[in-house]
Amino acid sequence: MNTVLEDLRGIILRTLPTISKDTQQALMDKLLNSGLESTQDLKYVTQEDITDLLPAIQLRKLLEAFKKETEVVTLDLEILPSPIPAVSTPLVLPCSSPSSVPSVSNQGSSSSEDCGPSFQIKKTWPETFQIPWTTMPVDVRSAMADGKRPSPAARRQMVRVLADEMRKYELNPMRSQCVTVCQNIIRQYPQSFADLRDNGQVLGNGYTSLLIQLKNRIENLNRTTSFRQHRSSGDGLKRGPTDTYGCTRFQPDLPPEETDETVEQKRQRLDEIYHRVGVNGVERVEVKQLMETTFCIQRRQINALPAPAITDLRGQWPYLFTQKGLYAHFELLTDINILRALELSMEECGRIIAEFFSNKPSNADVRAVLSLRSDLELFFFVIQLLMAHFSETQEGLILFANASSTAADVERTLALPATPRLLLLGEKPGICIQQWMISFEGQIICAGIQPSFLSGFAAVFAIFYTFNVEYQAEAACTLEFIQRRFIGINPEKGTKGGRVVSKRTGKVPQKKKTVNTRVASLLKKLMDFE
């Protein structure tokens, strides 16, 4: 029964990571009292059984997870004797056709009645691999029992035991095989081993840091032997399209009551307001409503191929290129209030990150930033620490200009890059910011109304999602860290970061990783520190 409880708890937490402990316990009690004896019984759970415990969406998610957990894929195959004795593998034919192409019969079809026996698909060794929990360190087993995280030292010892056991099956397991094993561990004990944020939300796919540790251990073991194996292609997950990454409404349809003609009329109305009252019109309720209604054609124009020039988009949508317009578009696109998300994250973990680097400065650049701590705005201080840790230059994301500079002055005196930059205007940049601007495609496209670094960073971050832009290599690690840790955009696949030169090999990798390994490593260290 203890095994059933642990499996059930793992399924619930994996599907609903933010569920409260009280609701989790109530669910488990309800299911056990209903007669649940094994995870195979989950297929009999219906919506009525637990409808009083969960909201509708969470209820559907959990029932779908129960269904997947108990699904078994079978093939109905007819095995015919081989006409050629020399061939050892029998010829497999479909039940309903004399063709030599194998097929899967539909459940309940008439052809299945005439078939031979059904055969379950044989599972690979990673799918049947038994985690050697009994040989794990005592600290690891105690943490698992208490639903806590083991110490870094105990976790490293666990990875050593795990790698040794896996190499009994295959000396150099592929990444896909390691992924299967890691998923099994996270499924059973998410609270102890999954990559989690402070609020309990699963970070990315949940197993990235464990996978990195496991693969590194296996590679180290193989490095000390004469064993060498070349794989023609990696087993990393294919990335999703960069432009749709993290978006929930990348290309929405027209509102039901609107047509192309009526939406265009609303765009023209926005244009009239702008020419009459200027940029201050963005504060009007009418402008806010019109921008929301025309969001669908804003996305249609932004997503067009080839991508339109920013100058052309500014001419069509002047209110989009304001601080408030960028925030609002990002929220419609991702369902995240970016300014509020950054403010809350700074309250939760800004000082913890600063304390982490104060205790464990990772390089000389970090130590140099630490010496300026008392003078900098906290969020600017954290960004500088992150960029120093990742060995990224500040100019890769942030530029400085004189407090009295106009947009024309900046464009004339600075060599503005094509990728987005946040420009800070002030006598002592980062200490006393009087204004900020954003440059993109070599021109100033937005000027802020709040003289704070955080508000400017929120706007420049929104640019990457609003206009389908990859993070520039000069700041890719810092931006991905902010995306995952502060803003909470954690897709399991893909990355917004462009390909950068590997510090280990000196080459550009052929495939993008799901989570930048340096970002994942820092996230894990911070989790252990907290």
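The structure this text deals with has already been given above.
## Overview of the overall build of the chain
And step 1. From N to C terminus, the chain includes 22 helices and eight strands.
And step 2. Counting across all 530 residues of the chain, residues that qualify as buried make up 45%.
And step 3. Accessible surface, the chain: about 27300 Å² in total, of which carbon and sulfur atoms supply 51%.

## Focus: the side chain of Gln 323
And step 1. Within the secondary structure layout, Gln 323 lies in helix 15 (residues 323–334).
And step 2. From its side chain, Gln 323 meets the backbone nitrogen of Ile 449 in a polar contact 2.9 Å long.
And step 3. The contacts of Gln 323, once residues within four sequence positions are left out, are Trp 436, Cys 446, Gly 448, Ile 449, Gln 450 and Ser 455.

## Re the pairing of strand 7 (residues 435–440)
Consecutive side chains of a regular strand alternate in pointing toward one face of the sheet and then the other.
And step 1. With respect to burial, strand 7 is a largely interior element, five of its six residues being buried.
And step 2. Where strand 6 (residues 421–425) lies against strand 7, five bridges are found, and the strand directions are antiparallel. Following the sheet pairing, Arg 421 is matched in strand 7 by Ser 439.
And step 3. Of the pairings in the sheet, the one linking strand 7 to strand 8 (residues 443–447) comprises four bridges and is antiparallel in character. The partner of Ile 438 across the bridge, within strand 8, is Cys 446.

## Comments concerning helix 21 (residues 476–487)
And step 1. Most of helix 21 sits out of view: twelve of its twelve residues are buried.
And step 2. Lining the buried residues of helix 21 we find helix 16 (338–359), helix 18 (378–389), helix 20 (453–466) and helix 22 (517–529).
And step 3. One or two residues past the end of helix 21 sits Gly 488, with phi positive at roughly 85°.

## Observations regarding the packing of aromatic side chains
And step 1. For the structure on display, the rule yields 23 aromatic pairs.
And step 2. Taking the centre distance of 6.1 Å and the plane angle of 20° together, the rings of Trp 133 and Phe 193 count as stacked. Here Trp 133, found in the loop between helix 5 (125–128) and helix 6 (138–146), pairs with Phe 193, found in helix 9 (residues 190–193); they are 60 residues apart in sequence, far enough to count as distant. Like Phe 193, Trp 133 is buried.
And step 3. Through a chain of ring-to-ring contacts, three or more aromatic side chains come together here, namely Phe 330, Phe 379, Phe 380, Phe 400, Phe 453, Phe 457, Phe 461, Phe 464, Tyr 465, Tyr 471, Phe 481 and Phe 486.

## Some thoughts on the environment of Cys 296
And step 1. Following the sequence through the fold, Cys 296 ends up in helix 13 (residues 295–302).
And step 2. The buried category is assigned to Cys 296, whose relative accessible area is 4%.
And step 3. Taking the C-alpha atoms as reference points, Cys 296 and Gln 251, 45 residues apart in sequence, are found 6.6 Å from one another.
And step 4. Residues within four places of Cys 296 in sequence aside, it is in contact with Gln 251, Pro 252, Asp 253, Leu 254 and Pro 255.

## A short note on the nonpolar core
And step 1. Grouped together as the largest cluster of nonpolar side chains are 87 residues, with contacts concentrated most on Phe 457, Phe 467, Phe 481 and Phe 486.
And step 2. At eleven residues, the largest contribution of residues to this core is made by helix 20.
And step 3. When near neighbours in sequence (up to four residues on either side) are disregarded, Phe 457 contacts Leu 342, Phe 379, Ile 383, Leu 397, Leu 422, Leu 479 and Ile 482.
And step 4. Among the nonpolar cores identified, the runner-up in size contains 30 residues, and Trp 125, Val 140, Ile 185 and Leu 196 belong to it.

## Some words on the packing of helix 21 against helix 22
And step 1. Where helix 21 contacts helix 22, the two axes come as close as 10 Å, and the packing angle between them is 50°. Our classification of the angle between helix 21 and helix 22 gives oblique. By crossing handedness, the relation of helix 21 to helix 22 is classed as right-handed. Side by side, helix 21 and helix 22 meet where Cys 477, Glu 480, Phe 481 and Arg 485 of the first sit next to Val 519, Leu 522, Leu 523 and Leu 526 of the second.
And step 2. Split by residue class, the contact of helix 21 with helix 22 holds six nonpolar, no polar and two charged.

## With respect to the pattern of salt bridges
And step 1. On inspection of all chains with the given rule, the structure shows 14 salt bridges.
And step 2. A salt bridge links Arg 269 to Glu 286; the shortest N-O distance between them is 2.9 Å. One end of the pair, Arg 269, is in helix 11 (residues 260–277); the other, Glu 286, is in helix 12 (residues 285–293), and 17 residues separate them in sequence.
And step 3. In this structure Arg 269 comes out as partly exposed when scored by relative accessible area, which is 26%.
And step 4. Since its relative accessible area comes to 31%, Glu 286 is described here as partly exposed.

## Let's talk about unusual backbone geometry
And step 1. That bond from Leu 305 to Pro 306 is cis: its omega, 0°, falls within 30 degrees of zero.
And step 2. Locating Pro 306 in the fold gives a position in the loop between helix 13 and helix 14 (310–316).
And step 3. Unusually for a residue other than glycine, Asp 335 sits at a positive phi of about 65°.
And step 4. Here Asp 335 lies in the loop between helix 15 and helix 16.
And step 5. Despite not being glycine, Glu 441 shows a phi value in the positive range, around 55°.
And step 6. Tracing the sequence through the fold places Glu 441 in the loop between strand 7 and strand 8.

## Brief notes about empty space enclosed by the protein
And step 1. For the structure on display, the rule yields one cavity of 30 Å³ or more.
And step 2. Lining the largest cavity are Asp 195, Leu 203, Thr 208, Ser 209, Ala 520, Leu 523, Lys 524 and Met 527.
And step 3. Elements represented by at least two residues in the lining of the largest cavity include exactly helix 10 (208–223) and helix 22.
And step 4. Each residue belonging to the lining of the largest cavity can be placed in one class, and the counts come to four nonpolar, two polar and two charged.

## As for the sheet that holds strand 6
And step 1. If you trace the four strands from one edge of the open sheet to the other, you get 5-6-7-8, paired in mixed fashion. If you trace the sheet from one side to the other, it starts and ends with strand 5 (398–401) and strand 8, each paired once. Direction aside, neighbouring strands of the sheet carry axes that sit 35° apart on average.
And step 2. Sheet contacts for helix 20: strand 5, strand 6, strand 7 and strand 8; angle to strand 7, the most-contacted strand, approximately 15°.

The rules behind each value
- Residues numbered from 1 in each chain as written.
- Predicted model: local features only at pLDDT ≥ 70, side-chain atom pairs only at ≥ 80, totals over all residues.
- Heavy atoms only, no water.
- Helix = DSSP H or I, 4+ residues; strand = E, 2+ residues; numbered from the N terminus.
- Buried < 20%, exposed > 50% of the residue type's maximum accessible area, 1.4 Å probe, protein only.
- Areas by Shrake-Rupley, 256 points an atom, 1.4 Å probe, with all protein chains shown as cover.
- Polar contact = N/O pair within 3.5 Å; in protein donor to acceptor, adjacent residues only side chain to side chain.
- Contact = heavy atoms within 4.5 Å.
- Pairing = 2+ DSSP bridges.
- Phe/Tyr/Trp six-rings, centres within 6.5 Å; stacked < 30°, edge-to-face > 60°.
- Core = buried A, V, L, I, M, F, W, Y, C linked by side-chain atoms within 4.5 Å.
- Axes fitted to C-alpha atoms, helices over the stretch in contact; angles between N-to-C directions.
- Parallel < 35°, antiparallel > 145°, perpendicular 65-115°, else oblique.
- Left-handed = near helix turned anticlockwise from the far one by under 90°.
- Nonpolar A, V, L, I, M, F, W, Y, C, P; charged D, E, K, R; others polar.
- Salt bridge = Lys/Arg side-chain N within 4 Å of Asp/Glu carboxyl O.
- 1 Å grid on protein atoms, 1.4 Å probe; cavity = no way out; pocket = protein on both sides within 12 Å on 5 of 7 lines; lining within 4 Å.
- Points joined across faces, edges and corners; volume = space filled by probe spheres on them.

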